[in-house]
Structure formats: structure tokens, C-alpha cells
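Results of the structural survey
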Amino acid sequence: LGMSKKAGQMGVAQTVLTRGVILPIAPMVMPILGMKLLKPFMINKPVAVVTELCLITGCIAGMLPVALSILPQKMEINVSDLEPEFQGLKDANGNPVTKAYANKGL
């Protein structure tokens, strides 16, 4: 069909949602909970710092695949949500085009 600014904006908005909102939740919440649970085992400050860094690293490493898989890489868009030049088009068989597909990438 061509290149659509609206489709690009939708792709960027979905990517920002998953990477900027969903991904940081676990590294912000889980280390706090983990440190509260492990507090009786924290003997000195260096052990506590290393433990907290390991918890943060584990949460980021664990949540990145989840954030990437929440929304599919290939998005399906209704042509009615795109610019006017993409509406009213017909495919090779003469049927109206109702859906367009875009690859958001990773």
C-alpha cells in the first residue's frame, strides 16, 4: 500500500508502552520485595548491595523477553484508521482492502 505516518505512530506508541511502561515495573518492584524477604540473611552492606544488584539484573533480564512478546512484531491495522489515500483501495481480485499489515521491528 505504501508508507503511513499513522501506522508509524501506532507502532511507536505500542513500542513505548511495552518498553517504557511495562518493562520497568518488575525492576522497580521485585528488588524491593526480594530485599524485604532476604533482610534476615543480609549480614553486611556489601552483601546487601550485591544481592540487590543481582535482583535488579535478574528482573531486567527476565522482563525483557516478556515486554517484547506482549505485542506482536507484525501489527494488523484497519485501513479506516489510516490516511485517506489508503482508504477505498482494491486488491488484485477487485475486493476492497480492509486490513493493512506493518512490521514494527524489535
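Everything numeric in this text was worked out from a predicted model, so none of it was measured. (Residues numbered from 1 in each chain as written. Predicted model: local features only at pLDDT ≥ 70, side-chain atom pairs only at ≥ 80, totals over all residues. Heavy atoms only, no water.)

A few points about the overall build of the protein chain
Note the cut-off: Every helix listed is a DSSP run of H or I at least four residues long, and every strand listed is a run of E at least two residues long, numbered separately from the N terminus. Each radius of gyration reported is based on C-alpha atoms, and the globular scaling rule is 2.2 Å times the count of residues to the power 0.38. Relative accessibility under 20% of the residue-type maximum defines a buried residue, over 50% an exposed one, and the middle range a partly exposed one, all with a 1.4 Å probe and only protein chains included. Contacts are assigned to residue pairs with any non-hydrogen atoms lying within 4.5 Å of each other. The method behind every accessible area is Shrake-Rupley, applied with a 1.4 Å probe, and residues are considered shielded solely by the protein chains displayed. This count recognises Lys and Arg as positive and Asp and Glu as negative, with His and chain-terminal groups excluded. Charge positions are represented by NZ for Lys, CZ for Arg, CG for Asp and CD for Glu.
Counting its secondary structure elements, the protein chain contains 3 helices and 2 strands. If you list the helices and strands of the protein chain from N to C, you get α-α-α-β-β. Here the C-alpha radius of gyration of the protein chain, 22 Å, is well above what a compact globule of 106 residues would show, namely 13 Å. Expressed as lengths along the three principal axes of its C-alpha atoms, the size of the protein chain is roughly 75 × 20 × 15 Å. Burial status across the protein chain gives 22% buried among its 106 residues. Put simply, of all contacts in the protein chain between residues at least 6 apart along the chain, 68% involve residues at least 24 apart. Entry remark: accessible area of the protein chain is about 7600 Å², with carbon and sulfur atoms responsible for 68%. Each charge class in the protein chain can be summarised by its mean position, and for the 10 positive and 6 negative side chains these summaries are 12 Å apart.

A short note on helix 1 (residues 5–22)
Stated precisely, the cut-off is as follows: The span expected for a helix works out to 1.5 Å for each residue beyond the first. Polar contacts, as counted here, are pairs of nitrogen or oxygen atoms within 3.5 Å of one another; within protein the pair requires one atom able to donate a hydrogen and one able to accept it, and residues that are adjacent in sequence qualify only if both atoms are side-chain atoms.
Here helix 1 is 18 residues long and its end C-alpha atoms lie 25 Å apart, about the 26 Å a rise of 1.5 Å per residue gives. Of the positions making up helix 1, those classed as buried are A7, G11 and T18. As for helix 1, its buried residues are in contact with helix 3 (45–70) and strand 1 (74–78). Between the side-chain oxygen of the N-cap and the backbone nitrogen of K6 there are 3.3 Å, and the N-cap of helix 1 in question is S4.

Describing the layout of surface pockets
Stated formally: Grid points spaced at 1 Å and placed over the protein atoms alone form the basis of the search, with a cavity being a set where a 1.4 Å probe fits but cannot get out and a pocket an open set showing protein on both sides within 12 Å along at least five of seven lines. Lining residues have an atom within 4 Å of a point. Grid points are joined across faces, edges and corners, and a volume is the space filled by probe spheres set on the points. Charged means Asp, Glu, Lys or Arg here, nonpolar means Ala, Val, Leu, Ile, Met, Phe, Trp, Tyr, Cys or Pro, and polar covers whatever is left, Gly included.
Volume-wise, the largest pocket comes out at about 260 Å³. S4, A7, G8, M75 and A102 are the residues nearest the centre of the largest pocket, which is lined by 17 residues in total. When contributions to the lining of the largest pocket are tallied by element, the ones reaching two or more residues are helix 1, strand 1 and strand 2 (99–103). By residue class, the composition of the lining of the largest pocket is 11 nonpolar, 5 polar and 1 charged.

Brief notes about the state of the cysteines
This is how it is decided: What counts as a disulfide here is a pair of cysteine sulfur atoms lying within 2.5 Å.
With the rule as written, the count across this model stands at 0 disulfides. Take C59: it sits in no disulfide, and the sulfur closest to it among the cysteines is that of C54, at 11 Å.

Observations regarding helix 3
Stated formally: To obtain the bend at a residue, axes are fitted to the seven residues ending there and to the seven starting there, and the angle between these axes is taken.
The end-to-end C-alpha distance of helix 3 is 37 Å, a good match for the 38 Å that 26 residues give at a rise of 1.5 Å each. M63 marks the point of greatest bend in helix 3, at about 30°, and the proline P65 comes within the next four residues. Within the span of helix 3, buried status applies to A48, T51, C59, M63 and A67. Structurally, helix 3 contributes buried residues whose contacts are with helix 1 and helix 2 (25–38). With a side-chain oxygen lying 3.3 Å from the backbone nitrogen of V47, the N-terminal cap of helix 3 falls on N44.

Geometric values such as these leave the question of function open.
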